[in-house]
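Coordinate inspection notes
Spelled out, the chains give:
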Amino acid sequence: MKIIVDRQVCAGHALCAAKAPDVYQLDDEGYCCSNGATVPPHLHEQARLGARHCPEAAILLVDDEDAP
Ligand code: F3S
C-alpha cells in the first residue's frame, strides 16, 4: 500500500498523524509529508483509519500494483 497526499488539499489538520502516528508524518508546518510512503501490511488498518479522519480527504491509499 502506498500513500498519496494531495498537498494542495492538505490544510494541516493533523488528524491523520493523531489517529495513525506510525503511518503519517507531519512537516515543520504541520502538513502531512508522507506522500509516496509505502505502508507495511501490519499498518494498513491504521493507515485507513488516519485517511478516513482527514477532514479534507487529502489522503488516497493505493494498492502497490495500482501505484503510479
Ligand atoms: Fe493534512 Fe488531512 Fe492530515 S488536512 S495534515 S492530510 S488530516
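Structure: above.
Quick caveat: nothing in here was measured; it's all calculated off a predicted structure.

So, the site of the ligand
Around the ligand, 13 residues are found, and the nearest of them are C10, A11, A14, C16 and C54. The cavity that encloses the ligand is the largest cavity. By residue class, the composition of the shell around the ligand is nine nonpolar, three polar and one charged.

Overview of a negative patch on the surface
Residues D63, D64, E65 and D66 make up a contiguous surface patch of negative charge. Overall, D64 belongs to the partly exposed group, its relative accessible area being 47%.

Quick word on empty space enclosed by the protein
Counted under the stated rule, the structure contains one cavity of 30 Å³ or more. Each pocket or cavity is described by its volume, and for the largest cavity that value is around 100 Å³. Along its surface, the largest cavity is lined by 16 residues, and C10, H13, A14, C16 and C54 are the ones closest to its centre. Considering only residue class, the lining of the largest cavity consists of 12 nonpolar, three polar and one charged.

Quick look at the environment of T38
Topologically, T38 is positioned in the loop between α1 (15-19) and α2 (44-52). Along the chain, T38 and A18 lie 20 residues apart, while their C-alpha atoms are 19 Å from each other. Excluding anything up to four places from it in sequence, T38 contacts M1, K2 and D64.

A closer look at α2
Three or more residues of α2 are buried, namely H44, Q46, A47, G50 and A51. Around the axis of α2, the buried residues are gathered within 160 degrees of arc, so they sit on the same side. In α2, those exposed residues whose orientation departs by more than 90 degrees from the buried face are E45 and R52. On its buried face, α2 is in contact with α1 and β2 (59-62).

Notes on the nonpolar core
Counting residues in each nonpolar core, the largest one holds 17 residues, and the members touching the most others are I3, V23, Y24, V39 and I59. For this core, the elements supplying multiple residues, two or more each, are β1 (2-5), α1 and α2. Those residues in contact with I59 that sit more than four places away from it in its chain are I3, I4, V5, C16, Y24, G50, A51 and C54.

Reading the values: rules and limits
Counting from 1, residues in each chain are numbered in the order their sequence is written. Local features in a predicted model are, by the rule used here, given only for residues with pLDDT of at least 70; side-chain atom pairs are given and counted only at 80 or more, and totals for whole chains, interfaces and linings are based on all residues. Based on all heavy atoms of the structure, the side-chain values leave hydrogens and waters out of the count. Each residue is tested against the molecule or strand, and it is near if at least one of its non-hydrogen atoms lies within 4 Å. We place a 1 Å grid over just the protein atoms. Points where a 1.4 Å probe fits but has no way out form a cavity, open points with protein on both sides within 12 Å along at least 5 of 7 lines form a pocket, and any residue with an atom within 4 Å of a point lines it. A cavity or pocket is said to hold a molecule if more than half of that molecule's atoms lie within 2 Å of its grid points. Three classes are used, and their members are as follows: Ala, Val, Leu, Ile, Met, Phe, Trp, Tyr, Cys and Pro are nonpolar, Asp, Glu, Lys and Arg are charged, and the others, Gly among them, are polar. Patch construction takes residues with relative accessible area above 30% that form no salt bridge. Like charges are linked within 9 Å, and nonpolar side chains (Val, Leu, Ile, Met, Phe, Trp, Tyr) are linked within 5 Å. Each accessible area value is a Shrake-Rupley result obtained with a 1.4 Å probe; residue values ignore everything except the protein chains displayed when judging cover. When a carboxyl oxygen of Asp or Glu lies within 4 Å of a side-chain nitrogen of Lys or Arg, that pair is called a salt bridge. In this tally, Asp and Glu contribute negative charge and Lys and Arg positive charge; neither His nor the terminal groups of the chain are included. In plain terms, the charge of a residue is placed at NZ if it is Lys, CZ if Arg, CG if Asp and CD if Glu. Relative accessibility under 20% of the residue-type maximum defines a buried residue, over 50% an exposed one, and the middle range a partly exposed one, all with a 1.4 Å probe and only protein chains included. Grid points are joined across faces, edges and corners, and a volume is the space filled by probe spheres set on the points. Numbering of helices and strands runs from the N terminus, with a helix taken as a DSSP run of H or I at least four residues long and a strand as a DSSP run of E at least two residues long. Pairs of residues are marked as contacts when any of their non-hydrogen atoms sit within 4.5 Å. It is the directions from the helix axis to the C-beta atoms that the arc portrays. Here the nonpolar core consists of buried residues drawn from Ala, Val, Leu, Ile, Met, Phe, Trp, Tyr and Cys, with membership extended through side-chain atoms lying within 4.5 Å.

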